[in-house]
Amino acid sequence: MHSATFAILRDVTLASALATGIAVTAAHGIAQAQQHYPTKPVRIVVGFSAGSATDITARMVGPRLGEKWGQPVIVENRPGAGSTLAAAAVAKATPDGHTLLLISAAFAIGAVLHTQLPYDPLKDFVGVAQIGASTGALTVTPSLGVKSVQELIALARERPGKIFYGSAGAGSGIHMTAERFKMVAGIKSVHVAFKGQPEMLIEIMAGRIHYGFPGLGPALAMIKEGRLVVLAVVTLKRSPLLPDVPTMVEVLPGFERDATHGILAPAGTPRRILNKISRDVAGVLDLPEVKQQMQAISFEPAPTTPEEYDRIIRSMIGTFSRVVVAAGLRAP
């Protein structure tokens, strides 16, 4: 055999062996991760600023999961573009359960509001577990001088295009809640988008924008201090934290709101890992200290299996498809 031919065969054989070795090592790593998950720190990526309702949820659940797993659970904030920046980052992550996405309703909204996302909301993610839903609250700046939902509606009708409301980003859950309010109330207020709820709340307190629908958790202290005026809570029942404040449904029949906080993983994450995370999330939500913390911000725990959460997300995407068309945010 010529030496050149031998060299080629040798190189091909070595390359094949190397490729096989890499494949075997990768397969072994995935199998090991399934058996001993987690094998390294876990990242929970949040698409909103620190201090937002979604961030608060992640920081309630994350450390307790870390205690169960014996591995650090790191909450990473990637705000912007209605949480789609965070989703895009997680969609590209290795599907081994070590990078997770904690979402709000903004995930489903983004799926129908943005036509050119760098990921497929249904194909690139899989449900892990719902955590629950935060209580939203219609709050206004004290300088506006209104004391009820009907007074706000009347003022907005008198001053069309001159009343401003904030959101945690275009396409965020807060944005869609405000759009539903506009539709049912028949008003024409102007949207101002921020990176997250903390920024929005600062602007409402300062009077530079007039109202918004923050989570009760981030807003409660400001309400109690008189820096914000709360007109209604966005739940089916009154909040025990503000028993004298009516629900939106009481004062504005026909108003609805979809809300969820939960965990997604990159598509392809092994089912065994998804089921383990789901079970452990449910266990954390059952801890007395976590229940107490969630009651303190009027958060309603509602854990699910991965399959149940998949169905919830798909249903919400269908609902928001209709809402964004009705609000004129997208052509039919």
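This write-up is about the structure you can find in this document. (Residues numbered from 1 in each chain as written. Predicted model: local features only at pLDDT ≥ 70, side-chain atom pairs only at ≥ 80, totals over all residues. Heavy atoms only, no water.)

### A closer look at the overall build of the protein chain
Counting its regular elements, the protein chain contains twelve helices and eleven strands. The buried share of the protein chain, reckoned over its 332 residues, is 51%. Across the protein chain, the fraction of contacts at a sequence separation of at least 24, relative to all contacts at a separation of at least 6, is 77%. In the form shown here, the protein chain has an accessible surface area of approximately 14900 Å², with 57% of it arising from carbon and sulfur atoms. (Helix = DSSP H or I, 4+ residues; strand = E, 2+ residues; numbered from the N terminus. Buried < 20%, exposed > 50% of the residue type's maximum accessible area, 1.4 Å probe, protein only. Contact = heavy atoms within 4.5 Å. Areas by Shrake-Rupley, 256 points an atom, 1.4 Å probe, with all protein chains shown as cover.)

### Section: the pairing of strand E6 (residues 164-167)
Sheet analysis places E6 next to strand E7 (residues 190-193), joined by four bridges and oriented parallel. When the bridges of E7 are listed, Tyr165 appears paired with His191. Considered for its hand, the β-α-β crossover made up of E6, helix H6 (residues 173-185) and E7 is right-handed. (Pairing = 2+ DSSP bridges. Right-handed = clockwise from strand over helix to strand, strands pointing away.)

### Things to note about the side chain of His98
Structurally, His98 can be placed in the loop between helix H3 (84-91) and strand E3 (99-103). Judged by relative accessible area, His98 falls into the buried class, the value being 4%. Separated by 3.0 Å, the side chain of His98 and the backbone nitrogen of Thr39 make a polar contact. (Polar contact = N/O pair within 3.5 Å; in protein donor to acceptor, adjacent residues only side chain to side chain.)

### Focus: the nonpolar core
Core analysis: the largest hydrophobic core is formed by 44 residues, its most contacted members being Leu138, Leu152, Phe181, Tyr211, Phe213 and Met248. Of all the secondary-structure elements, those providing two or more residues to this core are strand E5 (136-140), helix H5 (149-158), H6, helix H7 (197-206), helix H8 (216-224) and strand E9 (229-234). Broken down by element, this core gets its largest block of residues, six residues, from E9. What Leu152 contacts, discounting residues up to four positions off in sequence, is Leu138, Val140, Leu144, Val146, Phe181, Tyr211 and Leu231. (Core = buried A, V, L, I, M, F, W, Y, C linked by side-chain atoms within 4.5 Å.)

### Details of the packing of helix H4 (residues 106-113) against helix H12 (residues 306-326)
Running from N to C, H4 and H12 cross one another at 55°; their axes reach a closest spacing of 8 Å. Overall, the two elements H4 and H12 adopt an arrangement that is oblique. Taken as a pair, H4 and H12 cross one another with a handedness that is right-handed. Residues Phe107, Ala108, Ile109, Ala111, Val112 and Leu113 of H4 form the contact with H12, whose own contacting residues are Ile313, Met316, Ile317, Phe320, Ser321 and Val324. Its residues placed into classes, the contact of H4 with H12 shows eleven nonpolar, one polar and no charged. (Axes fitted to C-alpha atoms, helices over the stretch in contact; angles between N-to-C directions. Parallel < 35°, antiparallel > 145°, perpendicular 65-115°, else oblique. Left-handed = near helix turned anticlockwise from the far one by under 90°. Nonpolar A, V, L, I, M, F, W, Y, C, P; charged D, E, K, R; others polar.)

### Section: the pattern of salt bridges
Side-chain pairing between opposite charges can occur once the charged atoms of the two side chains come close. Taken as a whole and assessed by the stated rule, the structure comprises ten salt bridges. Close ionic contact of Arg208 with Glu203 constitutes a salt bridge, the shortest N to O distance being 2.6 Å. Owing to a relative accessible area of 53%, Arg208 belongs among the exposed residues under this scheme. By relative accessible area, which is 19% here, Glu203 ends up buried. One salt bridge connects Asp280 with Lys276, and the closest N-O pair in it is separated by 3.2 Å. With Asp280 and Lys276 both in helix H10 (residues 271-285) and four residues apart, this pair spans about one turn of that helix. Overall, the relative accessible area of 25% leaves Lys276 in the partly exposed class. (Salt bridge = Lys/Arg side-chain N within 4 Å of Asp/Glu carboxyl O.)

### Observations concerning helix H2 (residues 53-69)
If you check H2, its first and last C-alpha atoms are 24 Å apart, about what 17 residues at 1.5 Å a residue would give, namely 24 Å. In terms of burial, H2 is largely enclosed, as twelve of its 17 residues are buried. Every buried residue of H2 is listed here: Ala53, Thr54, Asp55, Thr57, Ala58, Met60, Val61, Gly62, Arg64, Leu65, Gly66 and Trp69. Downstream of H2 by a residue or two, Gly70 has a phi angle that is positive, lying close to 70°. (Expected span 1.5 Å × (residues − 1).)

### Some points on unusual backbone geometry
For the peptide bond that leads from Tyr37 to Pro38, omega is -10°, which places it in the cis range. Among the structural elements, Pro38 can be located in the loop between helix H1 (3-36) and strand E1 (42-46). Of note in the backbone geometry, Ser298 takes a positive phi value of approximately 60° without being a glycine. With respect to the element layout, Ser298 can be found in the loop between helix H11 (288-296) and strand E11 (300-301).

### Comments concerning the sheet that holds E3
Neighbouring strands of a sheet are bound in pairs by backbone hydrogen bonds; such pairs are parallel or else antiparallel. Taken together, the six strands give an open sheet; going across it, the order is E2-E1-E3-E10-E4-E11, and neighbouring strands pair in mixed fashion. Edge positions in the sheet fall to strand E2 (73-77) and E11, since each of these pairs with one other strand and no more. Taken together, the four bridges between E1 and E3 define a ladder with parallel strand orientation. The residue of E3 that forms the bridge with Ile44 is Leu100. The strands touched by H2 are E1, E2, E3, strand E4 (125-133) and strand E10 (261-266); relative to E2, the strand with the most contacts, the crossing angle is about 160°.

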